[in-house]
Amino acid sequence: MSARARLFPVGAALASVALLLIVLLPADAPRAQQPRLTGFTAPAITDTAALPGPRQPVFYRHDVHAGQYQMDCRYCHFAAEVSQHPGLPTLSTCMGCHLLAGAQLPEVQKVREAFGAGQAIEWIKVHDLPQFVQFPHMRHVKANIACQDCHGPIETMPQVYQYSSLKMGWCLDCHEQRNASTDCTVCHY
Ligand code: HEC
Ligand code: HEC
Ligand code: HEC
Ligand code: HEC
Ligand code: HEC
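Starting from 1, residues in each chain are numbered consecutively following that chain's sequence as written. Labels follow written order: the first chain is A, the first ligand is 1, and so on. pLDDT decides what is reported in this predicted model: residues at 70 or higher carry local features, side-chain atom pairs at 80 or more are listed and counted, and totals for whole chains, interfaces and linings draw on all residues regardless.

1. Brief notes about the overall build of the chain
Helix and strand assignments follow DSSP, with helices taken as H or I runs no shorter than four residues and strands as E runs no shorter than two, numbered in order from the N terminus. Scanning the chain from N- to C-terminus turns up 9 helices and 0 strands. From first element to last, N terminus to C terminus, the chain shows the α and β order α-α-α-α-α-α-α-α-α. Residues counted as buried form 8% of the 189 residues belonging to the chain. By the convention adopted here, residues make contact when the C-beta atoms placed from their backbones lie within 7 Å. Taking the contacts inside the chain whose residues are at least 6 apart along the sequence as the reference set, 68% of them involve residues at least 24 apart. As a rule, residues whose C-beta atom has 12 or fewer other C-beta atoms within 10 Å are exposed, those with 20 or more are buried, and those in between are partly exposed; C-beta atoms are placed from the backbone.

Right, dumping it as structure tokens:
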């Protein structure tokens, strides 16, 4: 088991507790984080065929969770600040809410059934740099580059698609602008 895999259950459990408090506390109780009321409502979608990005085994929606419900990206991708790879949440992170929330929805039922059967959901990778490139996520997040600068407006996407080209020129343009290294060996071993 990798260090990353071992960290997940603990982090996810802590995050679930914190988030449940935010969701369940009455409106006048002290909160760790006030929800930002942008009034964004995720649209109802009946035809998923036209959506950009790979079709996922469960129709998990960033526009519902990160948009309408204002969930922080790091609640699910909490390794982004400390690891090469931010990673995806485990189902126990989802079940913190989906023991109750949306239990009647067919796509939520898939999540509950997989969790009950002890199975993971095999998400299709959206971003995939070639093996010969190294991209340390945490260095970028710590340099205060917003997730959206590279990934686009994820909080309005019903299905995630690759927003930036991820080509070498894209990396180099920003490195030049921000005085980061453009030395070949920094990105290529
Ligand atoms: C409730 C949990 C949750 C929250 C909150 C969340 N995500 Fe995700 N994210 C997921 C899951 C599950 C996937 C895998 C399925 C998919 O691609 O839609 C994913 C996939 C992604 C991917 C694509 C990964 C790949 O395969 O390349 C990106 C990029 C991403 N999220 C960024 C964000 C950003 C940015 C935010 C905040 C605006 C955010 N996420 C908030 C759960 C979450
Ligand atoms: C903080 C609570 C919370 C967490 C954590 C959470 N969800 Fe949700 N999710 C919701 C709420 C609230 C809804 C809307 C339910 C409704 O419309 O009745 C929802 C809706 C959904 C839907 C239905 C979308 C639709 O409109 O059909 C799916 C599928 C889903 N979530 C999957 C997931 C997955 C997978 C995870 C873990 C990666 C996750 N959720 C984590 C609160 C959460
Ligand atoms: C400087 C650009 C940049 C920023 C900022 C950035 N990402 Fe990424 N992200 C990428 C690239 C490039 C990849 C593809 C990495 C690969 O394939 O090795 C990626 C991959 C991912 C993945 C895929 C899963 C994985 O482990 O590879 C997730 C999830 C993700 N990013 C979430 C986030 C979140 C959340 C934030 C903000 C906290 C964020 N990213 C900030 C460029 C960025
Ligand atoms: C939006 C701007 C931006 C984009 C796009 C971007 N980077 Fe960076 N990158 C930075 C900044 C700023 C730093 C310096 C961070 C620091 O000082 O720790 C950095 C640092 C790095 C480092 C560490 C450099 C060192 O000196 O050790 C690597 C490796 C890296 N980036 C790879 C990439 C790759 C590969 C891509 C494209 C897939 C990419 N970056 C895209 C802004 C960006
Ligand atoms: C900031 C990160 C970064 C730096 C610095 C960088 N590269 Fe790259 N390079 C990439 C990425 C990302 C790719 C993969 C995407 C692509 O092919 O554009 C790549 C791809 C390549 C490829 C394969 C192209 C292909 O068509 O398959 C070669 C060869 C290459 N780089 C050489 C270099 C050389 C030589 C330098 C130094 C002058 C350099 N790179 C500096 C990020 C970087």
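2. What to know about the site of ligand 4
The criterion for a residue being near a molecule or strand is a backbone-placed C-beta atom within 6 Å of that molecule or strand. The local shell around ligand 4 holds 21 residues, among which A143, C171, C174, R178 and A180 are the closest. Of all the secondary-structure elements, those providing two or more residues to the shell around ligand 4 are α6 (137-142), α7 (147-151), α8 (168-177) and α9 (184-187). Considering each element in turn, the shell around ligand 4 owes the most residues, 4 residues, to α8. For this classification, Asp, Glu, Lys and Arg are treated as charged, while Ala, Val, Leu, Ile, Met, Phe, Trp, Tyr, Cys and Pro are nonpolar and the rest, including Gly, are polar. When the residues that make up the shell around ligand 4 are grouped by side-chain class, the tally is 14 nonpolar, 4 polar and 3 charged.

3. A short note on the site of ligand 5
If you check the shell around ligand 5, you find 13 residues, and the closest are K167, M168, C171, C184 and C187. Mapped onto the shell around ligand 5, the elements with two or more residues apiece are α8 and α9. Broken down by element, the residue count for the shell around ligand 5 peaks at 4 residues, all from α8. The class makeup of the residues in the shell around ligand 5 is 9 nonpolar, 3 polar and 1 charged.

4. Things to note about the packing of helix α4 (residues 91-98) against helix α5 (residues 106-116)
Axes, fitted as lines to C-alpha atoms, cover a helix only where it is in contact. Angles between the N-to-C directions of the axes lie from 0 to 180 degrees. As a packed pair, α4 and α5 sit with axes 10 Å apart at the nearest point and diverge in direction by 120°. Classified by the interaxial angle, the pair formed by α4 and α5 is oblique. For the element pair α4 and α5, the recorded crossing hand is left-handed. In this structure, α4 uses L91, C94, M95 and H98 to contact α5, whose residues at the interface are V108, V111, R112, A114 and F115. In what follows, roughly perpendicular refers to angles from 65 to 115 degrees, roughly parallel to angles under 35, roughly antiparallel to angles over 145, and oblique to any angle outside these ranges. Handedness of a crossing follows from how the near helix is turned relative to the far one, being left-handed for an anticlockwise turn of less than a right angle and right-handed for a clockwise one.

5. Some points on the environment of Q162
Relative to the assigned elements, Q162 resides in the loop between α7 and α8. Here Q162 falls in the partly exposed class, since 14 other C-beta atoms lie within 10 Å of it. For the pair Q162 and D128, spaced 34 residues apart in sequence, the C-alpha to C-alpha distance is 9.6 Å. With residues near it in sequence (within four places) discarded, Q162 still touches V126 and H127.

6. A closer look at the environment of I124
Within the fold, I124 resides in the loop between α5 and α6. Its 10 C-beta neighbours within 10 Å are what place I124 among the exposed residues. In sequence terms I124 and P57 are 67 residues apart; their C-alpha atoms lie 7.8 Å from each other. Not counting residues within four places of it along the chain, the set of residues in contact with I124 comprises P54 and Q56.

7. Points about α8
Counted residue by residue, α8 has 1 buried out of 10 residues, so it is predominantly exposed. Positioned one or two residues after α8, N179 has a phi angle of 55°, which is positive.

8. Details of the confidence of the model for the chain
pLDDT gives the predictor's per-residue confidence on a scale running from 0 to 100. Residue-level pLDDT values for the chain average 84, and 80% of them are 70 or greater. Highest mean pLDDT in the chain belongs to α8 (98); lowest belongs to helix α1 (residues 3-24) (44). The low-confidence segment residues 1-15, where pLDDT is below 50, has 16 contacts with residues more than four positions distant or belonging to other chains. In the model, residues 20-35 has pLDDT below 50 throughout and makes 8 contacts with residues more than four positions away in sequence or in other chains.

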